[in-house]
Amino acid sequence: MTSFDFTKMHGCGNDYVYVDCTENDIEDAPSVARFVSDRHFGIGSDGLILIKRSKVADFQMDMYNADGSKGEMCGNGIRCVAKYVYDNGLTDKTEITVETLAGIKTLELTIKDGRVDTVLVDMGSPILTASKIPVTFPKEQMVNEPMEVDGNIFRVTCVSMGNPHCVIFTDEDTRTIDLPHIGPLFENHSTFPQRTNTEFANILDRKNIRMRVWERGSGETLACGTGACATTVAAVINGLTDDCVTMHLVGGDLTVCYNRDKDTVFLKGPATTVYTGHIDIPESFEKDDVKIYEPKK
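Residues numbered from 1 in each chain as written. Predicted model: local features only at pLDDT ≥ 70, side-chain atom pairs only at ≥ 80, totals over all residues. Heavy atoms only, no water.

Asker: Mind laying out the state of the cysteines, listing which residues take part and the relevant values?
Answerer: Evaluation of the coordinates by the stated rule reveals one disulfide. Residue Cys244 pairs covalently with Cys257 via a disulfide, S to S 2.2 Å. Measuring the twist about the S-S bond at about 120°, one finds the Cys244-Cys257 disulfide to be right-handed. Taken together, the residues Cys244 in strand β15 (residues 244-249) and Cys257 in strand β16 (residues 252-259) connect sequence positions 13 residues apart. (Disulfide = S-S within 2.5 Å. Helix = DSSP H or I, 4+ residues; strand = E, 2+ residues; numbered from the N terminus.)

Asker: Could you give an account of the nonpolar core, with specific residues and numbers?
Answerer: The tendency in soluble globular proteins is for nonpolar side chains to be buried as a group. Counting residues in hydrophobic clusters, the biggest one holds 53 residues, and the most contacted among them are Tyr18, Met61, Val81, Leu107, Met123 and Val265. In terms of nonpolar packing, the next biggest core, distinct from the first, is built from 18 residues, Ile133, Met147, Val156 and Ile168 among them. (Core = buried A, V, L, I, M, F, W, Y, C linked by side-chain atoms within 4.5 Å. Buried < 20%, exposed > 50% of the residue type's maximum accessible area, 1.4 Å probe, protein only.)

Asker: Give me helix α3 (residues 179-187): which residues, what numbers.
Answerer: Listed in full, the buried residues belonging to α3 are Leu179, Ile182, Gly183, Phe186 and Glu187. Axial view of α3: buried residues confined to an arc of 135°, hence all on one face. On its buried side, α3 packs onto β9 (145-149), β10 (152-160), β11 (164-169), β12 (197-205), β13 (208-215) and β14 (219-221). (Arc of directions from axis to C-beta. Contact = heavy atoms within 4.5 Å.)

Asker: So what's going on with the pattern of salt bridges? Residues and values would help.
Answerer: Under the counting rule described, the total for this entry stands at 19 salt bridges. Put simply, Glu23 and Arg53 hold a salt bridge, and the shortest N to O gap is 2.8 Å. With Glu23 in the loop between β2 (14-20) and α1 (29-37) and Arg53 in the loop between β3 (47-52) and β4 (59-65), this pair connects stretches of sequence that are 30 residues apart. Across the pair, Arg53 and Glu23 agree in class, each one exposed. In this structure, Glu72 and Arg216 form a salt bridge, with 2.6 Å as the shortest nitrogen-oxygen distance. With a gap of 144 residues between them, Glu72 in the loop between β5 (70-71) and α2 (75-87) and Arg216 in the loop between β13 and β14 connect regions that are remote in the sequence. With a relative accessible area of 6%, Glu72 lands in the buried category. On the accessibility criterion, Arg216 (3% relative accessible area) is buried. (Salt bridge = Lys/Arg side-chain N within 4 Å of Asp/Glu carboxyl O.)

Asker: Tell me about the pairing of β4, and please be specific about residues and values.
Answerer: Judged by how many residues are buried, β4 sits mostly within the fold: seven of seven residues are covered. Where burial is concerned, the two faces of β4 agree: the one with Phe59, Met61, Met63 and Asn65 and the one with Gln60, Asp62 and Tyr64 are both buried. Where β3 lies against β4, six bridges are found, and the strand directions are antiparallel. By the bridge assignment, Leu48 is partnered in β4 with Tyr64. Between β3 and the antiparallel strand that follows it, β4, lie six residues. Pairing between β4 and strand β6 (residues 95-100): two bridges, direction parallel. (Pairing = 2+ DSSP bridges.)

Written out as structure tokens, the structure reads:
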């Protein structure tokens, strides 16, 4: 039986189960992720995040999607990692570094009443080169290019923030889009050899964007930090918004700034603890045959 303490946390409704693995790791994390993420038989979450020690940063974040596939980076998740390590006394620093599969990220913690309230994350440089996102596309970049999905033509801009994103700006109200139908068609499209996260966005004005997201391996989530960053970059390079925007997601608002001079993206938002607990996963838990996607380092 697998048994461990956990903390349920979320950033704008993008919720994960967090486990302190600084002393002891858990075995078969992909299967554990699928179990705990189940909203009926498990804890219920968009995935599992393991907090570990690092030789190159203050901490390491291992992220697993709800289907057990491993993710490179999570903007909402990493803010909650910062809150966890500070609130639980694993660090007393208000600026920390976290190792991810998308590189080392620097986070600035804002403290309120002795606990982390909001976190500013230096998300690093966006990747626009098609082969590095990756997308199969003949041009060097896929910016505002036509793409056929489900018999319809969409104008898409592809960006990587350490993980692949496909951004679609639409005049259709994102709240009316049938995302459970169209999301998987984008996620598993042949254009994306490692699958993709997909964002549908309405430009409200030069400083505000409304967005819904279909996350690779988790489905629709209430927010996506890397998706908010990718959408902001896509909006800026297409001339649709200013460099700093408020991203209005289903679960709340995030602030994103694309510093073009330094070619880096900053993400700021809340981190919230929901509850703590202990779970026993029975040996009889059936491990399914989902193919585990392991992103390249």
